[in-house]
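Reading the structure
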Amino acid sequence: MDRRTFLQWSAAAGLAPVGAIVDEGRVDAFLRTWLEQPACDTDPLAGGTRVGTRPLTGAGGFDQPLDVIQGAGLDGRLVTDLSTLTPDTLVTPNARFFVRTRFPEGGPPPSPWTIRVGGLVERNVELRPEELARDARSFGPLHMECAGNANPASFGLMSAARWGGVPLLDVVARARPSTTGTRVMVEGFDTHAQAPTRSSAGASWIFDWNDVRQTGAFLAFSMNGEPLPRDHGAPARLIVPGWYGAANIKWVTDVRIVDDDAPATTQMREYAARTHQRGVPTLARDYEPAVVDAAAFPVRVEHWRVGERALYRVVGIVWGGSTPVRHLSIRFNRQEPFRPVTLCPPPGSTESWSLWTHVWTPTSLGRHQIVLRVDDADTRTRRLDIFFYVRDVWIEAL
Ligand SMILES: Nc1nc2c(c(=O)[nH]1)N[C@H]1C(S)=C(S)[C@@H](COP(=O)(O)O)O[C@H]1N2
Ligand SMILES: [Mo]
């Protein structure tokens with residue numbers, strides 16, 4: 001039911017006028033927010049002509065090829081082009097899904113590939129991915145972002161996909177963890193050919209049972225209905241919904257039950273700052289969950305002409321957090337006020353990303369610096385708070 005239908009329906013049902021309902025506080029916060037949103041089918045730029053698109057960048061931004069895979073091993077990357085996002089392309093095709101670390105080519109991969117479940121368990125088991133995959137169910141679409149997504153020319157180390165997989169708890173249960181086991185370590189195959197120039201080799205992460213339960217972490221065997229691509233972790237990878245990509249271990253070979261004294265892994269330590277830890281804790285138990293807070297940035301600035309006027313439509317994304325963002329505002333330069341953007345349709349969940357738009361009439365030529373702010377009470381936004389996602393646009397016509 002869209003907004004207009006709702007209004008007609010509530011009138012027909014003999015309800016009080018919507019304004020009265022809101023005044024009397026008889027609708028919950030969700031419905032109120034929904035009523036405040038402009039109807040999603042009205043286009044403020046209807047009748048206008050789209051003249052072009054202004055590129056976005058930011059301090060330290062550098063050009064990178066987008067949507068193509070580059071480099072090898074730990075330096076292998078695919079940066080997704082977010083500037084073209086539309087409501088119909090919020091699930092990223094596998095060939096364009098960002099890659100951080102390509103399949104390791106430094107030695108023979110396990111053959112046959114098995115996933116060992118061991119450590120503090122009643123019995124060690126070795127599982128074949130293709131057997132586990134028979135019980136796979138579908139998850140998503142789920143958004144994923146690399147914690148090191150730091151190039152403001154693209155911010156393209158993020159994408160979203162549907163996955164087929166099996167809950168990690170079900171995999172662990174096959175080995176019957178002992179009562180002393182309080183955590184689970186998931187480790188991948190990372191035998192790379194060259195020494196990395198930017199990161200350290202070996203990928204594993206340790207989760208406590210609460211993390212595993214609350215996130216619904218699962219081993220994935222397929223991606224967007226296709227077999228899991230090699231660069232995305234075939235034959236099996238971990239997905240921890242809501243956490244940074246660093247925890248989503250690819251090429252899984254080992255699931256080990258450990259206890260409270262387990263040291264943090266190299267990967268956890270390498271990513272400590274980027275997952276907002278305090279310092280670099282030595283023990284796994286001292287790590288905060290590597291969750292992604294609510295955040296937002298513009299992906300493109302469309303230049304429109306409506307009659308004699310130049311208008312700009314800023315289109316952006318919002319993702320992350322533990323409750324869907326309801327109020328989001330934008331600021332174009334430090335001296336200007338924050339103005340609400342249009343979340344249309346409002347984000348239904350935090351599992352994936354959503355689009356927002358804002359019609360903008362710049363008052364000056366030249367550089368404008370864009371930041372977003374979440375206005376919902378109690379929503380943590382650690383990255384927005386430190387202006388992690390500031391983007392610049394140059395305006396050449398008013
Ligand atoms: N085995 C292994 N798994 C890994 C990594 C790695 O280097 N080795 N990189 C991690 C990081 S930092 C990210 S952001 C995600 C990226 O997953 P993708 O390449 O499928 O997008 O994989 C994670 N899993
Ligand atoms: Mo990452």
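Scope of this entry: the structure provided in the associated data block. (Residues numbered from 1 in each chain as written. Chains lettered and ligands numbered in written order. Predicted model: local features only at pLDDT ≥ 70, side-chain atom pairs only at ≥ 80, totals over all residues. Heavy atoms only, no water.)

**Side note on the site of ligand 1**
Just so we agree on the cut-off: We call a residue near a molecule or strand whenever a single non-hydrogen atom of that residue lies within 4 Å of it. Throughout this description, a polar contact denotes any pair of N or O atoms lying within 3.5 Å of each other; where both atoms belong to protein, one of them has to be capable of donating a hydrogen while the other can accept it, and for residues adjacent in sequence the pair is counted only when both atoms sit in side chains. Residues are grouped as follows: Ala, Val, Leu, Ile, Met, Phe, Trp, Tyr, Cys and Pro are nonpolar; Asp, Glu, Lys and Arg are charged; every other residue, Gly included, is polar.
The immediate surroundings of ligand 1 are formed by 20 residues, with F98, D190, H232, R237 and K250 found nearest. Here an oxygen atom of ligand 1 and a backbone polar atom of R100 are 2.9 Å apart. Residue composition of the shell around ligand 1, by class: 11 nonpolar, 5 polar and 4 charged.

**So, the side chain of H232**
So the rule is basically this: Starting at the N terminus, helices and strands are each numbered in turn, a helix being any DSSP run of H or I of at least four residues and a strand any DSSP run of E of at least two. Residue burial is assigned from relative accessible area. The probe radius is 1.4 Å, only protein chains are included, and a residue is buried under 20% of its type maximum, exposed over 50%, and partly exposed in between. In this analysis, two residues are considered to be in contact whenever any of their non-hydrogen atoms come within 4.5 Å of each other.
Mapped onto the elements of the fold, H232 is located in the loop between strand 13 (226-227) and strand 14 (237-239). Note on H232: relative accessible area 4%, which makes it buried. Contact partners of H232, with chain neighbours within four places excluded, come to N94, F97, F98, V99, M223, R237 and K250.

**A look at the nonpolar core**
As a reminder of what qualifies: Put simply, a nonpolar core is a bunch of buried Ala, Val, Leu, Ile, Met, Phe, Trp, Tyr and Cys residues held in one set by side-chain atoms that sit within 4.5 Å of each other.
Counting residues in hydrophobic clusters, the biggest one holds 102 residues, and the most contacted among them are W163, L168, W205, F207, I317, L328 and W356. Sort the elements by how many residues they give to this core and strand 17 (residues 309-319) lands first, with 7 residues. Ignoring anything within four residues of it in the chain, the contact list for F207 reads R183, V184, V186, V212, L238, V240, W243 and A247.

**A closer look at the pattern of salt bridges**
Defined as follows: Salt bridges are identified by distance alone: a Lys or Arg side-chain nitrogen within 4 Å of an Asp or Glu carboxyl oxygen.
One pass over the structure, following the stated rule, counts 23 salt bridges. E270 is the salt-bridge partner of R100, the closest N and O atoms lying 4.0 Å from each other. Note that R100 is positioned in strand 5 (residues 99-100) and E270 in helix 7 (residues 266-270), a separation of 170 residues in sequence. In this structure R100 comes out as buried when scored by relative accessible area, which is 16%. Three or more residues joined by partner-sharing salt bridges are found here, namely D43, R50, R300, E302 and R313.

**A short note on the sheet that holds strand 3 (residues 69-70)**
Heads up, the condition is: Each pair of strands is called paired provided DSSP finds at least two bridges between the two strands.
Reading across the sheet, the 3 strands line up as 3-4-5 and stay open at both edges, with antiparallel pairing between neighbours. With partners counted over all chains shown, the strands left at the sheet margins are strand 3 and strand 5, one partner each. Bridge analysis of strand 4 (residues 77-78) against strand 5 gives 2 bridges, and the strand direction is antiparallel. Counted as the bridge partner of L78 is V99 from strand 5.

**With respect to the pairing of strand 12 (residues 218-223)**
Of all 6 residues in strand 12, 5 are buried; the element is thus mostly enclosed. Bridge count for strand 9 (residues 158-167) against strand 12 is 5 bridges, and the pairing is antiparallel. Along strand 12, the bridge assignment pairs W163 with M223. As defined by bridge partners, strand 12 adjoins strand 14 across 3 bridges and the pair is classed as antiparallel. What sits directly across from A220, in strand 14, is R237.

**What to know about the sheet that holds strand 10 (residues 183-188)**
Where we set the bar: Note on method: axes are straight lines fitted to C-alpha atoms, helices fitted across the in-contact stretch only, with angles between N-to-C directions ranging 0 to 180 degrees.
On the basis of which strands lie adjacent, the open sheet formed by 5 strands has the order 7-6-15-10-11 and mixed pairing. Each edge of the sheet is formed by a strand with only one pairing partner; in this case those strands are strand 7 (125-127) and strand 11 (204-208). Mean inter-strand twist for the sheet, computed between neighbouring axes without regard to direction, equals 20 degrees. Sheet analysis places strand 10 next to strand 11, joined by 5 bridges and oriented antiparallel. When the sheet's bridge partners are listed, M185 is paired in strand 11 with I206.

**Some points on the environment of P324**
Within the secondary structure layout, P324 lies in the loop between strand 17 and strand 18 (328-331). Measuring from C-alpha to C-alpha, the distance between P324 and T379 comes to 9.4 Å, with 55 residues separating the pair along the chain.

**Here we look at the environment of D135**
Relative to the helices and strands, D135 is located in the loop between helix 4 (129-132) and strand 8 (137-145). For D135, a relative accessible area of 54% puts it in the exposed group. D135 sits 32 residues away from P167 along the chain, and the two C-alpha atoms are 9.8 Å apart.

**Notes on the packing of aromatic side chains**
Convention followed: Classification of ring pairs rests on two measures: the distance between centres of Phe, Tyr or Trp rings, Trp counted by its six-membered ring, which must be within 6.5 Å, and the angle between planes, read as stacked under 30 degrees, edge-to-face over 60 and tilted in between. Definition used: whenever NZ (Lys) or CZ (Arg) falls within 6 Å of the ring centre and also within 35 degrees of the ring normal, the charge is taken to sit over that ring.
On inspection of all chains with the given rule, the structure shows 15 aromatic pairs. Between F103 and W251, the ring centres sit 5.8 Å apart and the planes meet at 90 degrees, which makes this aromatic pair edge-to-face. Note that F103 is positioned in the loop between strand 5 and strand 6 (115-119) and W251 in the loop between strand 14 and strand 15 (252-258), a separation of 148 residues in sequence. Pair check on accessibility: F103 and W251 agree, each one buried. Ring geometry for F297 and Y389: centres 5.4 Å apart, planes at 35 degrees, overall tilted. Placement of F297 in strand 16 (residues 295-306) and of Y389 in the loop between helix 8 (382-385) and strand 23 (391-395) is noted, with a sequence separation of 92 residues between them. This pair shows no difference in class: F297 is buried, exactly as Y389 is. The residue whose ring lies beneath R274 is Y271, and the NZ or CZ to ring-centre distance is 4.2 Å.

**Remarks on unusual backbone geometry**
Of the consecutive residues S111 and P112, the connecting peptide bond is found in the cis state with omega at -5 degrees. Tracing the backbone shows P112 in the loop between strand 5 and strand 6. Across the junction of C344 and P345, the peptide omega takes the value -5 degrees, indicating a cis bond. Secondary-structure assignment places P345 in the loop between strand 20 (342-343) and strand 21 (354-360). Even without being a glycine, T101 presents a positive backbone phi close to 85 degrees. At N224, a residue that is not glycine, the phi angle is positive and equals roughly 50 degrees. Mapped onto the elements of the fold, N224 is located in the loop between strand 12 and strand 13. Assessed through its relative accessible area of 22%, N224 is described here as partly exposed.

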